[in-house]
Amino acid sequence: MANRKILVAANWKMNGSLESIRHLIKALTQGISNETPTEVVVCPSFVYLSELSEQLNKTNIKLGAQNVSHLEVGAYTGEVSASMLNDYGCEYVIVGHSERRMLYQETDERVAEKFCAIQSKNMTPILCVGELLEERESANTEKVIARQLDAVIDKVTIDAFVNTVIAYEPVWAIGTGKTATPEQAQEVHQFIRLRLARRNKSIAENIRIVYGGSVKADNANQLFEMADIDGGLIGGASLIAKEFLSICHAVRK
Ligand code: PGA
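Bear in mind that the values here come from a model prediction, so they are computed numbers and not experimental data. (Residues numbered from 1 in each chain as written. Predicted model: local features only at pLDDT ≥ 70, side-chain atom pairs only at ≥ 80, totals over all residues. Heavy atoms only, no water.)

Q: How would you explain the overall build of the protein if you had to name every residue and give the values?
A: Within the protein one finds 11 helices and 8 strands. Relative to the 2.2 N^0.38 estimate, which gives 18 Å for 253 residues, the radius of gyration of the protein is 17 Å and therefore close to what a compact globule would have. Along the first, second and third principal axes, the C-alpha atoms of the protein reach 50 × 45 × 35 Å. Across the 253 residues of the protein, 53% fall into the buried class. Within the protein, residue pairs in contact and separated by at least 24 positions form 73% of the contacts whose partners lie at least 6 positions apart. (Helix = DSSP H or I, 4+ residues; strand = E, 2+ residues; numbered from the N terminus. Rg over C-alpha atoms; globule rule 2.2 N^0.38 Å. Buried < 20%, exposed > 50% of the residue type's maximum accessible area, 1.4 Å probe, protein only. Contact = heavy atoms within 4.5 Å.)

Q: Would you mind going over helix α1 (residues 18–31) in detail, with residue names and values included?
A: Spacing of three or four residues puts side chains on the same side of an α-helix, whose turn is 3.6 residues. Compared with the 20 Å implied by 1.5 Å per residue over 14 residues, the 20 Å span of α1 between its first and last C-alpha is a close match. Those residues of α1 lying buried are Ile21, Leu24, Ile25 and Leu28. Buried residues in α1, looked at end-on, bunch into an arc of 95 degrees, giving them a common side. Projecting away from the buried face of α1 at angles above 90 degrees are the exposed residues Glu19, His23, Lys26 and Gln30. The elements touched by buried residues of α1 are β2 (39–43), α2 (49–56), β3 (61–65) and α11 (241–248). (Expected span 1.5 Å × (residues − 1). Arc of directions from axis to C-beta.)

Q: I'd like a rundown of the side chain of Asp150, residues and numbers included.
A: When you line up the elements, Asp150 lands in helix α7 (residues 141–156). Excluding anything up to four places from it in sequence, Asp150 contacts Arg195 and Arg199.

Q: So what's going on with the pattern of salt bridges? Residues and values would help.
A: This structure, assessed with the given rule, holds 16 salt bridges. For Asp230, the salt bridge is made with Arg4, and the minimal N-O distance between the two is 2.9 Å. Placement of Asp230 in the loop between α10 (217–224) and β8 (231–234) and of Arg4 in the segment before β1 (7–11) is noted, with a sequence separation of 226 residues between them. Close ionic contact of Arg199 with Asp154 constitutes a salt bridge, the shortest N to O distance being 3.4 Å. Taken together, the residues Arg199 in the loop between α8 (182–197) and α9 (201–206) and Asp154 in helix α7 connect sequence positions 45 residues apart. (Salt bridge = Lys/Arg side-chain N within 4 Å of Asp/Glu carboxyl O.)

Q: Tell me about the nonpolar core, residues and numbers included.
A: Generally speaking, soluble globular proteins have nonpolar side chains that are buried together. Core analysis: the biggest nonpolar cluster contains 70 residues, and Leu28, Val42, Phe161 and Ile192 have the highest contact counts within it. Ranked by residues supplied to this core, first place goes to α7 with 6 residues. In contact with Leu28, other than residues within four places in its own chain, are Trp12, Val42, Ile61, Ala241, Phe244 and Leu245. Judged by nonpolar contacts, the second largest core, of 12 residues, contains Leu7, Tyr92, Ile126 and Val165. (Core = buried A, V, L, I, M, F, W, Y, C linked by side-chain atoms within 4.5 Å.)

Q: Would you mind going over the pairing of β8 in detail, with residue names and values included?
A: A two-sided burial pattern is seen for β8, the buried positions comprising Gly231 and Leu233 on one face and Gly232 and Ile234 on the other. Pairing of β1 with β8 involves 4 bridges; the strand directions are parallel. Bridge pairing in β8 places Leu7 opposite Gly231. As defined by bridge partners, strand β7 (residues 208–212) adjoins β8 across 2 bridges and the pair is classed as parallel. Across the sheet, residue Gly212 finds its bridge partner in β8, namely Leu233. The handedness of the β7 to β8 crossover, carried by α10, is right-handed. (Pairing = 2+ DSSP bridges. Right-handed = clockwise from strand over helix to strand, strands pointing away.)

Here it is, written out as structure tokens:
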């Protein structure tokens, strides 16, 4: 098996205040060291990137963003470009999160355009894919995931996946407290890896596929033990320092 380092990314969403974020980051920088077995990324709201890029400088915690414009520059009120994220030292950008797909009507095509914008500035996309509950119940999980993945691969080619993280996030498990069982998640992770392998075996073997959806301190270990689960994208639990730190220290045995 390829030696894929576990990645744990915090998706803070639209939560926190300057004060609470300062508290949280203080606890995280104290709790993450050279010895931490996982790669740790935090993705705050845009307005806190500047603060965090200073605080994370010379720590082992990397900075990510939750969204980006697909466009480079110009009269696009309210948008943030990939080069702006680069200015603040972002290394990762979440793209295709189900909240963006559903609440902001981001299509597969738009997700693919954003993916390109991220990579054009040498940052790593965390590409989210996942099915709705009704899609799972009608046995369409694989079909949906395949469509979401292929929309990006067809635009950028499989070679772009050398520098990509995929997050499998079943929509029914996000923020609901209903985690997919390790076996349910593993099944989809394996499907994703096999689908990529049809285009390029070595890329498929080396890419990290993380799981998201109600990951907590008490289920992270079982999830990360599965052969194709290479970490997590953590929402709610990433806002609680103790919970998140314990997820960051969950490793494959
Ligand atoms: P959750 O969110 O951990 O709160 O379920 C995960 C995500 O949306 O990335």
